[in-house]
Amino acid sequence: MMPRRIMSGACLLLLCCTDENPDAARARRFPPVPAKAGFPLRIDLPGAESFALQQAPRRVLIANTYLTDVVTRLASPERVLALPEQALTWSRLALVDEGFRVKASFREIDAEMVLEMDPDLLLCSDTNLALARGRFAGRDIPTLTLPQPRSLEEIRHVIRLLARVLGAEEAGRDLLADFDARRRRLQEQAARREGLSALFYSNLGGGGWGTGSNSLPDELIRLLGMRNPLADAGRRDHVQLTLEQLITYDPDVIIVQSRAGESEFESESVLRREPSLAGLKAIRKQAIVSLHPRLFSTGSQEILLAAEEIAAQVDRILDPKAKGR
Amino acid sequence: MGGGRKPLLIGLLLALTWILFIGLELIAGSDVIPDLATALQGAMAGLGMGEALEGNLQAIMELRLWRGICAGLVGASLALSGALLQGLFRNGLAEPGILGLNAGATLGASLAILVLGGYGAQFLDDPGLGASPFLIAGFAFVGSVGTGVFIMLVASFGGRVSVPTLLLTGIAVNACISGLLAAIQSAVLADFEVQRALMSWTWGTLDDRGPTHAAMVGSGLFLSALVIPFVAVELDLFAAGEEDASALGVPVGFTKLLVLGAAALSCACAVAVAGQIAFLGLVVPHLIRLMVGNSHRSLLILSLLGGAVFLLGTDLIQRNFFGSWQLQPGVMMSLIGGPFFLYLLFRRRRSLSAW
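Parameters at a glance
- Residues numbered from 1 in each chain as written.
- Chains lettered and ligands numbered in written order.
- Predicted model: local features only at pLDDT ≥ 70, side-chain atom pairs only at ≥ 80, totals over all residues.
- Buried ≥ 20, exposed ≤ 12 C-beta atoms within 10 Å, placed from the backbone.
- Helix = DSSP H or I, 4+ residues; strand = E, 2+ residues; numbered from the N terminus.
- Contact = placed C-beta atoms within 7 Å.
- Domains from an automatic or database assignment.
- Nonpolar A, V, L, I, M, F, W, Y, C, P; charged D, E, K, R; others polar.
- Pairing = 2+ DSSP bridges.
- Axes fitted to C-alpha atoms, helices over the stretch in contact; angles between N-to-C directions.

Draft legend 1. Broad picture of helix H9 (residues 216–223) of chain A. Residues and elements named next belong to chain A. Of all eight residues making up H9, six are buried, and the element is well covered by its neighbours. Restricting attention to buried positions, one finds in H9 the residues Leu216, Pro217, Asp218, Glu219, Leu220 and Ile221. On its buried face, H9 is in contact with helix H7 (152–165), strand E10 (198–203), strand E11 (208–211), helix H10 (229–232) and helix H15 (303–318). Of the residues trailing H9, Gly225 is marked for its positive phi of about 85°.

Put into structure tokens, the structure is as follows:
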């Protein structure tokens, strides 16, 4: 019995370590989009569980920032019960109001608060273990648990799924059409940046971090026609990056977070002040692209804002005459 | 071989290994692997002697040189601190963490990271404060020393430091600081960049160290090592108890303060530079004790040398065999040191029970 268990464990471990087909990965991580629009709606979740709604939800409780980005584009404010407090700073609601900012917000949420608010749909992330199973003191509250997307296709999948769950087919189609058009535009302009290497870098003085393959930042770099030297070196996800490694990769462009005047000590100032980095191509050519951290950390359609901003800044660096464009 | 020569030979061997490991640090690391002559030329140029290498190679060699120097000094400081505290408390489980020094440094560094992340008061946001890495080290040092002094003040009564009260105060203050750290992490949960910076500092790091870091940890170690001739024999006499030591003419109160001050200073400087590196201050003095016995005249200086070799060796293993995994020194230390220490305890449990 035991050797078989060990063998199964080893096989599972091997599977996890092997690069998976993107479609298979999406099918494993996300629930499928129901084939038919309308209600009653039923979705078979991974693990032989199912999620059912008799009618379009009217009391939606959102417990995650990236889901706030998507839902606030699909549903009207009166259908949303409450939002996470962080979403007011870290989602699109930092820039727009649209009637959502007056909604009740919470810093942390637990089962007792969920029961008190009595939503007819709870949307949460898979990291919120207390809520993810959707069982609250024996009461079932329809709960849809979605992980953080790691690719643009996974973001599309989330939009399609939530549009169907919220009964917002038209808003979903509009959002997808806008998403695809912007993505296509970026792809069409990618050739002008071909051959450049770019690297996401973050350092608040306590050590550097970069982003390898299997991540949204890597997909953005490739979408813009550039290559990611960290991904080329076989590094995956968010990884620690020493100054020595940064010098070894010597990218043409470094993309950093900028807190827009909130602090002088940003990744960019670390890069500019560190004497050992003075010889880097990106430092010599002043090819440092700054983005607000909200755009770095989102897993929603808003990530295209980051891509557009990077494209604009890189193009200005490559061709200073393009400033007015 | 005479008993008096064995510590000397071990000391010589450890010192040579320390130098050898710094040399190996120069040719280990990322994809750039220069030959030894080039590496040495880069290192000498980094110290202001000789001609610099071309392009980015010089910068890489300098980063490796300072990493190696800092690793050795941090290891030496933590091991010396552990050996001093084990002697003072007459307890093999004593280590710098019980004085709250690690926790205090982490609290200081976390506050600095919050300031860097834009959460501090405006006046702290002045670039004139200096380059950010030193702000973190400075805050960590103040946090570490401040916590150590606070614990010692609470534990002393009528000019005497009570060891049991000191241990209990250390436990209570560590618990309070853990709560504060958890509150800070919870407050910035949504800020990915700040959260990540907090996390990586608590793992301990030897990455991206420079001459200022080396100067900081080096001066702490130098000042702490100066007390060794004044406390080594006294700590040997402490083994029979404070009253016996006092009867033999040991100035108990003064010795305790000297030992605590030296242990706190060396540990605070090390933690301020490299973050939390658990286990080293506990395990190295034990390893040395197994080789040369309990006499603090050899134990303290050999622990200093052994700590340097141990941390440098661990760092070399990490960089050569686990490079892409990016295991931090604190993690590596626990993964390697823990099982090794258990093995030694198992092998030598009879002789150790008498200590």
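Having seen the structure, we can now continue with the description.
Draft legend 2. How the structure looks around the environment of A:Ser50. Residue and element names in this part refer to chain A. The residue Ser50 is located in strand E2 (residues 49–53) in this model. Taking the C-beta count within 10 Å as the criterion, Ser50 has 10 such neighbours and is therefore assigned exposed. Sequence spacing of Ser50 and Pro31 is 19 residues, and the spatial spacing of their C-alpha atoms is 9.6 Å. Leaving out residues up to four positions away in the same chain, Ser50 has contacts with Arg42, Ile43, Asp44 and Leu45.

Draft legend 3. How the structure looks around the domain arrangement of chain A. Residues and elements named next belong to chain A. By the assigned domains, chain A splits into domain 1 (21–184) and domain 2 (192–324). In this structure, domain 1 and domain 2 have C-alpha centres spaced 30 Å apart. Those elements that place two or more of their residues in the side of domain 1 that touches domain 2 are helix H3 (65–74), H7 and helix H8 (169–188). Of the residues assigned to the side of domain 1 that touches domain 2, the class counts are 10 nonpolar, two polar and five charged.

Draft legend 4. Inspection of the sheet that holds E10(A) at higher detail. All names here are of chain A. The mixed open sheet is built from five strands, whose spatial order is E12-E11-E10-E13-E14. Both outer strands of the open sheet, strand E12 (238–240) and strand E14 (288–291), are each paired with one neighbouring strand and no more. Going from strand to strand, the sheet's axes swing by 30° on average, the running direction of each strand aside. Pairing between E11 and E12: three bridges, direction antiparallel. Its bridge partner being in E12, Thr211 is matched across the sheet by His238. This element, H15, spans strand E13 (253–257) and E14 of the sheet and lies at about 150° to E14.

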